[in-house]
Amino acid sequence: LAKTTQPISMDSYEGQEVNITCSHNNIATNDYITWYQQFPSQGPRFIIQGYKTKVTNEVASLFIPADRKSSTLSLPRVSLSDTAVYYCLVVPNTNAGKSTFGDGTTLTVKP
Amino acid sequence: DAGVTQSPTHLIKTRGQHVTLRCSPISGHKSVSWYQQVLGQGPQFIFQYYEKEERGRGNFPDRFSARQFPNYSSELNVNALLLGDSALYLCASSLAGDTMTGELFFGEGSRLTVL
């Protein structure tokens, strides 16, 4: 399973856009890039998933370059409630059940 | 619709004891995965079950076992508990097989403390 590398922590202020970059040099052809958010003492929650180029939903955007060796999660206008750990995963499109999590990026949003 | 439910939410055991954790997946989901999350780390994959068969196993000792029932609910069993087994145990359900989404749906977890 492809390993991912992402910053351990990031700080931001309310209202700013936050970009978290993840490296996945060994991504396989059938892997999707998936991001999760986790608050303390809760299970991770799916944010967004993509294969290539750009994906946008109501909470985030995901930018994936052509070589797919990295990806960037973009959170527009963060608020204090976005303080959480964000995990980047590469997941086979046929079976998410064995997803491998790294240690994630702890995002702290300050007032 | 109900999400993934886990029980118990919290429990305390002593070293050497046995524990059983339970998980009910989202209706229609046939895959259940178990993860262990130690404080300060990301979830670590333990098992995946699909259609009552083990589809994957992480790097955990044989003290850890699991099974899936005909209604797709699942149990995780841990024998001979060690202090290091203290963690949040997460269950996640998903649609395995032909799917374009790799989304895992997690429960709130079972917090195990081993004394």
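Residues numbered from 1 in each chain as written. Chains lettered and ligands numbered in written order. Predicted model: local features only at pLDDT ≥ 70, side-chain atom pairs only at ≥ 80, totals over all residues. Heavy atoms only, no water.

Participant: I'd like to hear about the pattern of salt bridges, residue by residue, with values.
Facilitator: Counting across every chain of the model gives six salt bridges over all chains. A salt bridge links K110(A) to D11(A), with the nearest nitrogen and oxygen atoms 3.4 Å apart. Taken together, the residues span a long stretch of sequence, with K110(A) in strand β9 (residues 105-110) and D11(A) in strand β1 (residues 9-13) at a distance of 99 residues. The class of K110(A) is partly exposed, set by a relative accessible area of 31%. A salt bridge links E51(B) to K30(B); its shortest N-O distance comes to 3.4 Å. Of this pair, E51(B) sits in the loop between β5 (44-50) and β6 (53-57) while K30(B) is found in the loop between β3 (19-24) and β4 (31-37), placing the two residues 21 residues apart along the sequence. (Salt bridge = Lys/Arg side-chain N within 4 Å of Asp/Glu carboxyl O. Helix = DSSP H or I, 4+ residues; strand = E, 2+ residues; numbered from the N terminus. Buried < 20%, exposed > 50% of the residue type's maximum accessible area, 1.4 Å probe, protein only.)

Participant: Any chance you could break down the side chain of D85(B) for me, citing the residues and the numbers?
Facilitator: The topology assignment puts D85(B) in the loop between β8 (74-78) and β9 (87-94). A distance of 2.8 Å separates polar atoms of two side chains, one belonging to D85(B) and the other to R63(B). (Polar contact = N/O pair within 3.5 Å; in protein donor to acceptor, adjacent residues only side chain to side chain.)

Participant: Please give an account of the sheet that holds strand β3 (residues 31-38) of chain A that cites residues and values.
Facilitator: All names here are of chain A. With mixed pairing, the five strands of this open sheet are ordered in space as β1-β9-β8-β3-β4. In this open sheet, the two edge strands, each paired with only one partner strand, are β1 and β4 (45-50). Strand-to-strand twist in this sheet, taken as the mean axis angle between neighbours without regard to direction, amounts to 25°. Note that strand β8 (residues 84-92) and β9 share three bridges and pair antiparallel. Following the sheet pairing, A84 is matched in β9 by L107. (Pairing = 2+ DSSP bridges. Axes fitted to C-alpha atoms, helices over the stretch in contact; angles between N-to-C directions.)

What is shown is where atoms sit, not what they do.
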